[in-house]
Amino acid sequence: VPPTLAPVPARSPAGRRARAAGARESLRHLWPIYATVVALAVVMMMNTAQLSFLLADNGIVNPARQAEVMQMGSIMATVGSFLYGVLGPRLDARWNYTMIALALGSGAVTDGFSHTPFVAGVGTALVGLGAGYLGPHFGRLVLARASASARGRAVGLNFSATYFGDLLNPFVVRPLAAAF
């Protein structure tokens, strides 16, 4: 609480002008990135929104056993974020995207075919790895493609795209699960 009591210094007129210019700047060129983030976030959310149902369908109903499988996603999301810090700057955008899509896709397929906690844990770990790599990669893309004055809005829309994909997960996955 004490640090919040200190006043924030007022922005200079130049800072206000730059902020106003950024508010008017179009971010339309970033919509392909945001659409990709929405689609990938649908898959990324599988560990959170769908995994417990899959485990229960596979007979893994003990909460402690489910937690053991589910924690693999969180652990590997941390690893994925760290891995991006090491590999991300060395690879171009296409290879980084390939790693994300490969991890998310192979993890979701592995989870879908799993019937044991171990195999489900492997799938969950792969989805977590891709999810951890996804956040910093797309954040970096947005920051690189937005002007300095519009970066705050651009990053905010990137988070909105992620959360929108999370929201869409049950609306996309349920019909797919019923069809297959």
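Everything discussed here concerns the structure shown above.
These figures come from a predicted structure and were not determined experimentally. (Residues numbered from 1 in each chain as written. Predicted model: local features only at pLDDT ≥ 70, side-chain atom pairs only at ≥ 80, totals over all residues. Heavy atoms only, no water.)

### Points about the overall build of the chain
Then, in step 1: The number of helices and strands found in the chain is nine helices and zero strands.
Then, in step 2: N-terminal to C-terminal, the α/β element order of the chain is α-α-α-α-α-α-α-α-α.
Then, in step 3: Buried positions account for 32% of the 180 residues belonging to the chain.
Then, in step 4: Within the chain, counting contacts between residues at least 6 apart in sequence, those at least 24 apart form 76% of the total. (Helix = DSSP H or I, 4+ residues; strand = E, 2+ residues; numbered from the N terminus. Buried < 20%, exposed > 50% of the residue type's maximum accessible area, 1.4 Å probe, protein only. Contact = heavy atoms within 4.5 Å.)

### Side note on the pattern of salt bridges
Then, in step 1: Within the structure shown, the criterion is met by one salt bridge.
Then, in step 2: Here R65 ties to E68 by a salt bridge, and the two come within 2.8 Å at their closest N and O atoms. In this pair, R65 and E68 are both assigned in helix α6 (residues 63-87), three residues apart and thus about one turn of the helix distant. (Salt bridge = Lys/Arg side-chain N within 4 Å of Asp/Glu carboxyl O.)

### Structural notes on the environment of P117
Then, in step 1: Within the secondary structure, P117 sits in helix α8 (residues 117-145).
Then, in step 2: Under the relative-accessibility criterion, P117 is labelled partly exposed at 22%.
Then, in step 3: With near-sequence residues (within four places) excluded, P117 lies in contact with I60, R65 and V69.

### Observations concerning the nonpolar core
Then, in step 1: Formed by 23 residues in total, the largest nonpolar core has its most connected members in L30, I33, I100, L104, L134, F138 and A154.
Then, in step 2: For this core, the elements supplying multiple residues, two or more each, are α3 (31-44), α7 (93-113), α8 and α9 (151-179).
Then, in step 3: Within the second largest apolar cluster, five residues are counted, among which are L51, I60, V69 and A120. (Core = buried A, V, L, I, M, F, W, Y, C linked by side-chain atoms within 4.5 Å.)

### Some remarks on the side chain of Q66
Then, in step 1: Mapped onto the secondary structure, Q66 falls in helix α6.
Then, in step 2: If we ignore the near neighbours within four places in the chain, the residues touching Q66 are S52, L55, A56, I60 and V61.

### What about the side chain of H137?
Then, in step 1: Take H137: it is sitting in helix α8.
Then, in step 2: If near-sequence neighbours (up to four positions away) are discounted, H137 is found in contact with Y84, A93, N96, Y97 and I100.

### Some remarks on a nonpolar patch on the surface
Then, in step 1: On the surface, a nonpolar cluster with roughly 270 Å² of combined accessible area is contributed by F118, V119 and V122.
Then, in step 2: Tracing the backbone through its elements, the reader meets V119 in helix α8. (Patch = residues over 30% accessible without salt bridge, like charges linked within 9 Å, V, L, I, M, F, W, Y side chains within 5 Å. Areas by Shrake-Rupley, 256 points an atom, 1.4 Å probe, with all protein chains shown as cover.)

### What to know about the packing of α3 against α7
Then, in step 1: At their nearest, the axes of α3 and α7 sit 10 Å apart, and the two run at 30 degrees to each other. In this structure, α3 crosses over α7, and the sense of that crossing is left-handed. Along its contact with α3, which presents T36, L40, V43 and M44, the element α7 presents Y97, I100, L104 and A108.
Then, in step 2: Looking at the contact of α3 with α7 residue by residue, the class counts come to seven nonpolar, one polar and no charged. (Axes fitted to C-alpha atoms, helices over the stretch in contact; angles between N-to-C directions. Left-handed = near helix turned anticlockwise from the far one by under 90°. Nonpolar A, V, L, I, M, F, W, Y, C, P; charged D, E, K, R; others polar.)

### Side note on the packing of aromatic side chains
Then, in step 1: Inspection of the entire model under this criterion finds three aromatic pairs.
Then, in step 2: Measuring from ring centre to ring centre gives 5.1 Å for W31 and Y34, while their planes differ by 75 degrees; the resulting arrangement is edge-to-face. One end of the pair, W31, and the other, Y34, are both in helix α3, three residues apart, so they sit about a helical turn from each other.
Then, in step 3: On the basis of relative accessibility, which here comes to 47%, the residue W31 falls in the partly exposed class.
Then, in step 4: Both rings, one in Y84 and one in Y133, keep their centres 4.9 Å apart while their planes meet at 85 degrees; by these two values the pair is edge-to-face. Taken together, the residues Y84 in helix α6 and Y133 in helix α8 connect sequence positions 49 residues apart. (Phe/Tyr/Trp six-rings, centres within 6.5 Å; stacked < 30°, edge-to-face > 60°.)

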